[in-house]
Amino acid sequence: MQGFAKKFQTREILELKATGIVRRIDDLGRVVIPKEIRRTFRIREGDPMEIFTNANGEVMYRIKECVDEFEYKFRDSTTGKDKKFKITEKRIVTYNPKLAKKQIYEINKEVEKARLLKASQAKKSEYGDSAKYVTFTPTDKKGNETDGKIKVSMNEDLIKKSLELAGYNMLVTSEISMSDKDVYDAYHNLWRIEESFRIMKSQLDARPVYLQKENTIVGHFLICYLAVLLTRLLQFKILKNNYSSEELFEFVHDFRVAKISERKYINLSRGTTFIKEFAALCKLPLTSYFLNEGEIKKMLSHRF
């Protein structure tokens, strides 16, 4: 925190959460994290907390980790009794200002919806997702609990807690030797696994399978996996993750040339920003309208 204050040369209010909870940096560059947050996420005295910023100096997220024994319990299906056990695991808490802003907006939107529905005496089924911020209690005309009329009240405690924890996220892993940054990156790249399966189904026609013999089925999926692997290598190693997989497959599907004479071709591909930048990177004549046989061979034999 001291380095953060020194880097940006400021002693202004440092907003930990966009919920009205703010803490001032003191004369030594320190800042106090709210007790509720420390208790919830087991942030103890002396624990390190790292702050990540982008090129413009904006805080992207804050991260804190701890490795400890945590207790779990389960109910034994044979005896019906609760049993407890402990596991050594790493827990990583992150705070993302952009995520906090988004979640606070969504929470306030649902709370406002619940208040309007409460005022209009709407049915419970009309509340939808906003019902979690409302308590439904059976009461009589005097307010005593009964099986009759339903009393609707806002759950202010839950609303307050939800706003206080907006932007915070906890990752739990058994990989205690991995750094917090590696765990964070691995978690936020899980969507690429789903994307790889989607690529095989939509772009590579992995399914449905019109094959019957085991060897041909294995060969079919092996080709699909290799195609995804090569695409990912091109995307991450060569293009430095500056382009999406959709742009790569659009280029592969749309790039066309037609032979008009013995040694002359014309480029039928639609000019895109990706093709222009890819051609400049690889130094290939991908944007040329007329192509000769030598240029075609150069493109086909290109090695990255």
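Visitor: Go over the overall build of the protein with me, naming the residues and quoting the values.
Guide: For the protein, the helix and strand inventory stands at 10 helices and 11 strands. For the protein, buried positions account for 30% of its 304 residues. If you take every contact in the protein between residues at least 6 apart in sequence, the share linking residues at least 24 apart comes to 48%. Only carbon and sulfur atoms are counted for the fraction: they give 52% of the accessible area of the protein, which is about 21,400 Å².

Visitor: Could you give an account of the pairing of strand β10 (residues 264-267), with specific residues and numbers?
Guide: As paired strands, strand β9 (residues 257-259) and β10 are joined by three bridges and run antiparallel to one another. Within the sheet, the bridge partner assigned to A258 lies in β10 and is I266. Here β9 folds back onto β10, and the loop between the two strands holds four residues. Bridge count between β10 and strand β11 (residues 290-292): three bridges; the pairing is antiparallel.

Visitor: Before we move on, can you summarise unusual backbone geometry with the specific residues and values?
Guide: For the bond from R207 to P208, the omega torsion is 0°, close enough to zero to count as cis. Mapped onto the fold, P208 is located in the loop between α6 (191-203) and α7 (214-238). Despite not being glycine, Q121 has its phi angle at roughly 55°, a positive value. One can find Q121 in the loop between α3 (97-119) and β6 (134-139). You will see that N241, though not glycine, has its phi angle at about 60°, which is positive. Assignment of secondary structure puts N241 in the loop between α7 and α8 (245-254).

Visitor: Give me the packing of aromatic side chains: which residues, what numbers.
Guide: The description of an aromatic ring pair uses the distance of the two centres, along with the angle that the planes make with each other. Counting across every chain of the model gives 11 aromatic pairs. Aromatic side chains Y72 and F85 sit 6.0 Å apart centroid to centroid with 25° between the ring planes, which places their arrangement in the stacked category. Remark: F85 occurs in strand β5 (residues 82-95) and Y72 occurs in strand β4 (residues 59-75); sequence separation between them is 13 residues. An aromatic cluster of three or more residues is present, and its members are Y243, F251, F255, F274, F278 and F304.

Visitor: Any details on the sheet that holds β11? Residues and values, ideally.
Guide: Read across the open sheet, the three strands follow the order β9-β10-β11; overall the sheet is antiparallel. Only two strands of the sheet have a single partner each, and these edge strands are β9 and β11. Taken pair by pair, the neighbouring strands of this sheet meet at an average axis angle of 35°, ignoring direction. The strands that helix α10 (residues 293-300) touches are β9, β10 and β11; relative to β11, the one it contacts most, it runs at about 80°.

Visitor: So, the packing of α6 against α8: which residues are in play, and what are the values?
Guide: Between two packed helices, what matters for the description is the angle formed by their axes and the separation of those axes. Where α6 contacts α8, the two axes come as close as 12 Å, and the packing angle between them is 20°. By the angle between their directions, the pair α6 and α8 is classed as roughly parallel. Seen from above, α6 lies across α8 with right-handed handedness. Here E195, R198, I199 and Q203 of α6 lie close against α8, whose contacting residues are S245, E246, F249 and H253. The residue inventory of the contact of α6 with α8, partitioned by class, reads two nonpolar, three polar and three charged.

Visitor: Outline the pattern of salt bridges, listing residues and values.
Guide: What the rule picks out here adds up to 13 salt bridges. With its nearest N and O atoms 2.7 Å apart, the salt bridge here joins E195 to R232. Of this pair, E195 sits in helix α6 while R232 sits in helix α7, and the two are 37 residues apart along the sequence. An identical accessibility class is assigned to E195 and R232; each is buried.

Visitor: Which residues make up the side chain of T231, and what values do they have?
Guide: By the element assignment, T231 lies in helix α7. A residue is classified by how much of its surface remains accessible, and T231, at 13% relative accessible area, is buried. The contacts of T231, once residues within four sequence positions are left out, are L248 and F249.

Visitor: Run through the packing of α8 against helix α9 (residues 273-282), naming residues and quoting values.
Guide: Taken N-terminus to C-terminus, the directions of α8 and α9 make an angle of 85°; their axes are 10 Å apart at the nearest point. Taken together, the axis directions place α8 and α9 in an arrangement best described as roughly perpendicular. Residue-level inspection shows E247, L248 and F251 of α8 in contact with α9, the latter providing F274, I275 and F278.

Visitor: Lay out the confidence of the model for the protein with the relevant residues and their values.
Guide: The pLDDT averaged across the protein works out to 82; a share of 77% of its residues lies at or above 70. In the predicted structure, residues 4-21 sits below a pLDDT of 50 and forms 45 contacts with residues beyond four places in sequence or in another chain.

Visitor: Could you give an account of the environment of E277, with specific residues and numbers?
Guide: With respect to the helices, strands and loops of the structure, E277 is situated in helix α9. Given the relative accessible area of 37%, E277 is considered partly exposed. With 10 residues separating them in the primary sequence, E277 and T287 have C-alpha atoms 9.8 Å apart.

Parameters and conventions
- Residues numbered from 1 in each chain as written.
- Predicted model: local features only at pLDDT ≥ 70, side-chain atom pairs only at ≥ 80, totals over all residues.
- Heavy atoms only, no water.
- Helix = DSSP H or I, 4+ residues; strand = E, 2+ residues; numbered from the N terminus.
- Buried < 20%, exposed > 50% of the residue type's maximum accessible area, 1.4 Å probe, protein only.
- Contact = heavy atoms within 4.5 Å.
- Areas by Shrake-Rupley, 256 points an atom, 1.4 Å probe, with all protein chains shown as cover.
- Pairing = 2+ DSSP bridges.
- Phe/Tyr/Trp six-rings, centres within 6.5 Å; stacked < 30°, edge-to-face > 60°.
- Axes fitted to C-alpha atoms, helices over the stretch in contact; angles between N-to-C directions.
- Parallel < 35°, antiparallel > 145°, perpendicular 65-115°, else oblique.
- Left-handed = near helix turned anticlockwise from the far one by under 90°.
- Nonpolar A, V, L, I, M, F, W, Y, C, P; charged D, E, K, R; others polar.
- Salt bridge = Lys/Arg side-chain N within 4 Å of Asp/Glu carboxyl O.
- pLDDT = per-residue confidence, 0-100.

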